[in-house]
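Summary of structural features
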Amino acid sequence: MFPLDEIDNIFEAAARSRVFKNREVLLPDYVPLELPHREAEIKRLAEVVAPALRGERPSNAFIYGLTGTGKTAVTKYVLRRLEELAKARGSSVSWIYVNVRQRETPYKVLADMGEQLGLRVPFTGLSIGELFSRIVKRLSKLEGVYIVVLDEIDFLVRKGDDVLYDLTRINEHLPRAKVSLIGITNSVKLVDSLDPRVKSSLGEEQLVFSPYNAEQLKDILSRRASMAFNEGALEEGVIPLVAALAAREHGDARRALDMLRVAGEIAEREGADRVSEDHVYRARQEIERDKASDVIRTLPLHSKLILAAILKASLTSPEGRATTGEIYDAYRQLASSLGLEEVTLRRVSGVLGELDMLGIISSRVISRGRYGKTRVVELAVSPDTVIGSLSEDPTVGSMVQSMSTKGLTGKRGRATS
DNA sequence: CATCCACCGGAAATAGGGGGGC
DNA sequence: GCCCCCCTATTTCCGGTGGATG
């Protein structure tokens, strides 16, 4: 028998990282104790929600800014503080945070809200209306101020949605409790597509978050890095590099912190004791690849097939591009070789649009005059990534693998420029 | 300069699998 | 059990449309 304490020693040694002191502070959901370069936004939001301390309903607010500009972090930061303060003064203020992108459908958003209010909600079966009135019923037994944060609210807006509208009017049903809403989005366009009634209600206050510049990113990164990494674990150029790369991608601080964390993880995996610029470059690649793989793996069957068709069509074309028609032909071949029913051209066109949104392909519609209007598609991720992710699928996997050899020879055959 | 290709992309409807309340 | 609901992927229907061609 191996002595227990020796096992412990092994774990202990492995657990003690050479580069990381506290890796968690680089994770996306970590809210730091201070949010540098967002002082003005914090102040604005604090002013907006402050009336809650007097038991008044704060104005609804609309927060807009690109991804990674601190919208979520600032909101959580301010509301946490507000709640603490309220508790200390004996007034009742609570907040509910729902990420609409993760909850996607109106039903799930309401279900999430309901659960946070202590309701037991079946994951399906109820009508939206029923669910809504249960929430109202629950809230009408309560008192105090409730601030509901709907993050990435874009996904709730899709045409003719009354849930948002109903939420803005929920106070009419409540005798004592007061609800105010904070909507967070990263698309300016959203504001226009909003139901005008919702727009005016939600837009009682509007906050705009501007992207961080490279200097600010550098500052944010070094503060965070000093908590996350051991002394001297970062080579000189690492932080400026990460900041520069992220600044180029519209100042996304989350992306920057991710890059830093993954660079650290790569360094650690390799047993290096310092994180180098090379680790950063590789981290950036790895992040892109993982993101794409995750998306591809969870695609529905026919979307995978269509992606395989794109792969096939683009690898056999000299430019690496393919049109909708070509993709459809390739798709039909693949489908019939697997003995599967085919989806229509309209659907393929729709899937192409989805894949574009997901960043797996990039495409634009062009007119070839006499020869019609079509969409030209090219892969936005490396063929190897696509092949790798698709081959895990039980249905299309083997087919993609056999295609990969042919495809890659085809690719090798063409000019490398 | 009208024509006409090869699709685009909106809207509505359906299928069919998940489940309620009563 | 009955009737209703939600959700996703898809079909059906169909009115556009940029620009090379004749």
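Quick caveat, the model's predicted, so the values are computed rather than measured. Each chain carries its own residue numbering, running from 1 in the direction its sequence is written. To read the labels, note that chains go from A and ligands from 1, taken in the order they are written. Since the coordinates come from a predicted model, pLDDT governs what is reported: local features require at least 70, and pairs of side-chain atoms require 80 or more to be given and counted, while whole-chain, interface and lining totals use all residues. Here the side-chain values reflect all heavy atoms present in the structure, with hydrogen atoms and water set aside.

**Some remarks on the protein's contact with DNA strand C**
Note the threshold: If a single non-hydrogen atom of a residue is within 4 Å of a molecule or strand, that residue counts as near it. Counted as a polar contact is a pair of N or O atoms within 3.5 Å, where, for protein atoms, one must be capable of donating a hydrogen and the other of accepting one, and residues adjacent in sequence contribute only when both atoms are in side chains. We count a stretch as a helix when DSSP gives it H or I for four or more residues in a row; a strand needs E for two or more, and each element gets its number in order from the N terminus. The nonpolar class holds Ala, Val, Leu, Ile, Met, Phe, Trp, Tyr, Cys and Pro. Asp, Glu, Lys and Arg form the charged class, and all remaining residues, Gly among them, are polar.
Every one of the 20 residues lining DNA strand C counts as a neighbour, but Thr-105, Tyr-107, Thr-344, Ser-367 and Gly-369 are closest to it. The contact atoms of DNA strand C, taken as those within 4 Å of the protein, divide so that sugar and phosphate hold 73%. Within the backbone of Ile-128, one N or O atom sits 3.1 Å away from a phosphate oxygen of DNA strand C. Backbone polar atom of Gly-369 to a base nitrogen of DNA strand C: 3.0 Å apart, as the coordinates give it. Elements supplying a minimum of two residues to the surface near DNA strand C: helix H5 (106-116) and helix H16 (345-357). Per-class residue counts for the surface near DNA strand C are six nonpolar, eight polar and six charged.

**A look at the sheet that holds strand E7 (residues 361-367)**
Under the convention used in this document: The criterion for strand pairing is that DSSP finds at least two bridges linking the strands in question.
Across the sheet, which stays open at both edges, the three strands sit in the order E6-E8-E7 with antiparallel pairing between neighbours. Strands with a single pairing partner mark the edges of an open sheet, and in this sheet they are strand E6 (322-323) and E7.

**A few points about the packing of helix H11 (residues 238-248) against helix H12 (residues 253-269)**
Short version of the rule: Note on method: axes are straight lines fitted to C-alpha atoms, helices fitted across the in-contact stretch only, with angles between N-to-C directions ranging 0 to 180 degrees. An angle counts as roughly parallel when it lies under 35 degrees, as roughly antiparallel when it exceeds 145, as roughly perpendicular when it falls between 65 and 115, and as oblique in every other case. Note: crossing handedness is left-handed where the near helix turns anticlockwise from the far helix by less than a right angle, and right-handed where it turns clockwise. Contacts are residue-level and defined by heavy atoms, with any inter-residue pair within 4.5 Å sufficient.
Taken N-terminus to C-terminus, the directions of H11 and H12 make an angle of 140°; their axes are 9 Å apart at the nearest point. The pairing of H11 with H12 is recorded here as oblique in orientation. Classified by chirality, the crossing of H12 by H11 is right-handed. In this structure, H11 contributes Val-238, Val-242, Leu-245 and Ala-246 to the contact, and H12 contributes Ala-256, Met-259 and Leu-260. Tallied by class, the residues present in the contact of H11 with H12 amount to seven nonpolar, no polar and no charged.

**Concerning the domain arrangement of chain A**
To be explicit about the condition: The domain boundaries here were taken from an automatic or database domain assignment.
By the assigned domains, chain A splits into domain 1 (39-209), domain 2 (214-290) and domain 3 (299-409). Computed from C-alpha coordinates alone, the two centres of domain 2 and domain 3 are separated by 34 Å.

**So, the sheet that holds strand E5 (residues 205-209)**
Across the sheet, five strands lie side by side as E2-E3-E4-E1-E5; this open sheet has parallel pairing. Strands with a single pairing partner mark the edges of an open sheet, and in this sheet they are strand E2 (93-99) and E5. Mean inter-strand twist for the sheet, computed between neighbouring axes without regard to direction, equals 15°. Here E2 runs beside strand E3 (residues 145-151); their pairing, made up of seven bridges, is parallel. Across the sheet, the residue bridging to Ser-94 is Tyr-146, located in E3. Packed onto the sheet, helix H2 (residues 39-49) meets strand E1 (61-65), E3, strand E4 (178-185) and E5 and runs at close to 165° relative to E5.

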